[in-house]
Amino acid sequence: VFEGHTTFEWSLAVAVFAVGGPFGAIAAGNIVDSKGRRNGMAIVTYLFLVGGLLQTLATNMLYITIARFIIGFASGFSSVLVPIYLGELAPPTLRGTLGTL
C-alpha cells in the first residue's frame, strides 16, 4: 500500500481489526444502557464513518492500523447493539425470526 512498509506493519494492520472487536462488544452494553439504543446506533455509525475516513485519508501504515482498530471496535459494538435494537423494534411474532438472522 505504502512504499517501505514491512510485512509486520501490514500484518498488524490486518490483525488489529480482530483486536478492536471484543473491546467494542464489551463497551457496547454499558454505552447502550446509558445513552439509549437510538443514540447507540448514532455512535456506532459515526465510529464507522471516522474509521472509514481515516483509512481513506491515511498517509502511512500507522493511520491504517488505527483506522482498522476503530472499525473493528465499531463492528464489535454493532454486533451487540443490532440484535438488541431489532428485538425491541420487531413485532412479537417476528422477534425470534429476526433474532436468529
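Above this text you will find the structure in question.
Residues numbered from 1 in each chain as written. Predicted model: local features only at pLDDT ≥ 70, side-chain atom pairs only at ≥ 80, totals over all residues. Heavy atoms only, no water.

### Let's talk about the overall build of the protein
Then comes step 1: Within the protein one finds 4 helices and 0 strands.
Then comes step 2: Scanning the protein from its N terminus toward the C terminus, one meets helices and strands in the order α-α-α-α.
Then comes step 3: Rg of the C-alpha trace for the protein: 16 Å, well past the compact-globule value of 13 Å for 101 residues, more than 25% over.
Then comes step 4: For the C-alpha atoms alone, the extent of the protein along its principal axes is close to 55 × 25 × 20 Å.
Then comes step 5: Counting across all 101 residues of the protein, residues that qualify as buried make up 25%.
Then comes step 6: Residue pairs in contact within the protein that sit at least 24 positions apart in sequence constitute 73% of those at least 6 positions apart.
Then comes step 7: Accessible area of the protein: about 6,500 Å², with a carbon and sulfur share of 68%.
Then comes step 8: Placing the 5 positive and 4 negative side-chain charges of the protein at their respective mean positions leaves the two points 16 Å apart. (Helix = DSSP H or I, 4+ residues; strand = E, 2+ residues; numbered from the N terminus. Rg over C-alpha atoms; globule rule 2.2 N^0.38 Å. Buried < 20%, exposed > 50% of the residue type's maximum accessible area, 1.4 Å probe, protein only. Contact = heavy atoms within 4.5 Å. Areas by Shrake-Rupley, 256 points an atom, 1.4 Å probe, with all protein chains shown as cover. Lys, Arg positive; Asp, Glu negative; His and termini not counted. Charge placed at Lys NZ, Arg CZ, Asp CG, Glu CD.)

### A short note on helix H2 (residues 37–56)
Then comes step 1: In this model H2 runs 29 Å from its N-terminal to its C-terminal C-alpha over 20 residues, within 8% of the 28 Å that 1.5 Å per residue would give.
Then comes step 2: Those residues of H2 lying buried are Gly40, Val44 and Gly51. Along H2, the residues classed as buried sweep out an arc of 35° about the axis, all on the same side. Exposed residues lying more than 90 degrees from the buried face of H2 are Arg38, Tyr46, Leu53 and Thr56.
Then comes step 3: On its buried face, H2 is in contact with helix H3 (61–89). (Expected span 1.5 Å × (residues − 1). Arc of directions from axis to C-beta.)

### Regarding the packing of aromatic side chains
Then comes step 1: All chains considered together, the criterion is met by 2 aromatic pairs.
Then comes step 2: Their ring planes at 50° and their centres at 6.2 Å tell us that Phe23 and Phe69 sit as a pair that is tilted. Of this pair, Phe23 sits in helix H1 (residues 7–35) while Phe69 sits in helix H3; the two residues are 46 residues apart in sequence, bridging distant segments of the chain.
Then comes step 3: With relative accessibility at 30%, the residue Phe69 sits in the partly exposed group.
Then comes step 4: On the numbers, 6.4 Å between centres and 40° between planes, the contact of Phe73 with Phe77 is tilted. Of this pair, Phe73 and Phe77 both sit in helix H3, 4 residues apart, roughly one helical turn. This pair shows no difference in class: Phe73 is buried, exactly as Phe77 is. (Phe/Tyr/Trp six-rings, centres within 6.5 Å; stacked < 30°, edge-to-face > 60°.)

### Comments concerning H1
Then comes step 1: The first and last C-alpha atoms of H1 sit 40 Å apart over 29 residues, in line with the 42 Å expected at 1.5 Å per residue.
Then comes step 2: If you look at H1, its biggest bend is around 35°, right at Ala28.
Then comes step 3: Along H1, the positions that sit buried rather than exposed are Ala13, Val16, Gly20, Gly21, Gly24, Ala28 and Val32.
Then comes step 4: Check the buried side of H1 and you find it contacts H2 and H3.
Then comes step 5: Directly beyond the C-terminal end of H1, a positive phi value near 100° is found at Gly36. (Bend = angle between axes of the 7 residues up to and from the residue.)

### Points about the nonpolar core
Then comes step 1: In terms of nonpolar packing, the biggest core is built from 7 residues, these being Ala28, Val32, Val44, Phe73, Ala74, Phe77 and Leu81.
Then comes step 2: Broken down by secondary-structure element, the contributors of at least two residues to this core are H1 and H3.
Then comes step 3: In terms of residue count, H3 provides more of this core than any other element does, 4 residues in total.
Then comes step 4: Contacts of Phe73, omitting those with residues within four sequence positions, involve Gly20, Gly21, Phe23, Gly24, Ala27 and Leu47. (Core = buried A, V, L, I, M, F, W, Y, C linked by side-chain atoms within 4.5 Å.)

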